[in-house]
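Secondary and tertiary structure notes
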Amino acid sequence: MSAKNLDNCNRWRNKTVAFRVSPEENEQIDKAVRLSGLTKQDYITRRLLCQDVVVQGNPRVYKALRNELAAVLTELQRIAAGGSVDNELLDTIELITVILGGLKGDGENGE
């Protein structure tokens, strides 16, 4: 059993919430978690509570972005060779675009 921990408001996190997803949904969730830089627990909790997921740029996030962009490039090359576009690729591209837009915005907040 995992140890209890505190949330941002010093409340004990001692309740377990579990649900089933398909392997494809799990991969999409894992991608979003990697790109957010948050723990899976924090990411899912924020999304379920309709709270903003703010990505803090750090080496782990940049590495995840680089790896996901490489995967997107591979898929785009496959599409250029006559393949079809799937919705998961479009979702990944949209997520990367939002994250990169937010990271770019961090440097421009001094306006």
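Okay, so let's go over this structure. All of these numbers come straight from a predicted model, not from anything done at the bench.

**Some words on unusual backbone geometry**
You will see that Cys50, though not glycine, has its phi angle at about 55 degrees, which is positive. For Cys50, a relative accessible area of 73% corresponds to the exposed category.

**Some details on the nonpolar core**
In terms of nonpolar packing, the biggest core is built from ten residues, these being Leu35, Val55, Val61, Ala64, Leu65, Val72, Ile79, Leu89, Ile96 and Ile99. Those elements giving two or more residues to this core turn out to be helix 3 (59-80) and helix 4 (87-107). In terms of residues, this core owes the most to one element, helix 3, which gives five residues. Every residue in contact with Leu35, bar those within four places of it in the chain, is listed here: Val55, Val61, Ala64, Leu65, Glu68, Leu95, Ile96 and Ile99.

**Quick notes on the environment of Ser36**
With respect to the secondary-structure elements, Ser36 resides in helix 1 (residues 23-36). Those residues in contact with Ser36 that lie beyond four places of it in its chain are Tyr43, Val53, Val55, Gln56 and Val61. Among the polar contacts made by the side chain of Ser36, one reaches the main-chain carbonyl oxygen of Val33 at a distance of 2.8 Å. Reaching out from Ser36, the side chain makes a polar contact with the backbone nitrogen of Leu38 at a distance of 3.0 Å.

**Focus on the pattern of salt bridges**
Scanning the entire structure with this criterion turns up five salt bridges. As a salt-bridge pair, Lys40 and Asp30 come within 2.7 Å of each other at their nearest N and O atoms. Here Lys40, found in helix 2 (residues 40-48), pairs with Asp30, found in helix 1; they are ten residues apart in sequence, far enough to count as distant. The partner of Glu68 in a salt bridge is Arg34, with the nearest N and O atoms 3.0 Å apart. Placement of the pair is Glu68 in helix 3 and Arg34 in helix 1, with a sequence separation of 34 residues. A residue is classified by how much of its surface remains accessible, and Glu68, at 8% relative accessible area, is buried. In this structure Arg34 comes out as partly exposed when scored by relative accessible area, which is 36%.

What counts as what
- Residues numbered from 1 in each chain as written.
- Predicted model: local features only at pLDDT ≥ 70, side-chain atom pairs only at ≥ 80, totals over all residues.
- Heavy atoms only, no water.
- Buried < 20%, exposed > 50% of the residue type's maximum accessible area, 1.4 Å probe, protein only.
- Core = buried A, V, L, I, M, F, W, Y, C linked by side-chain atoms within 4.5 Å.
- Helix = DSSP H or I, 4+ residues; strand = E, 2+ residues; numbered from the N terminus.
- Contact = heavy atoms within 4.5 Å.
- Polar contact = N/O pair within 3.5 Å; in protein donor to acceptor, adjacent residues only side chain to side chain.
- Salt bridge = Lys/Arg side-chain N within 4 Å of Asp/Glu carboxyl O.

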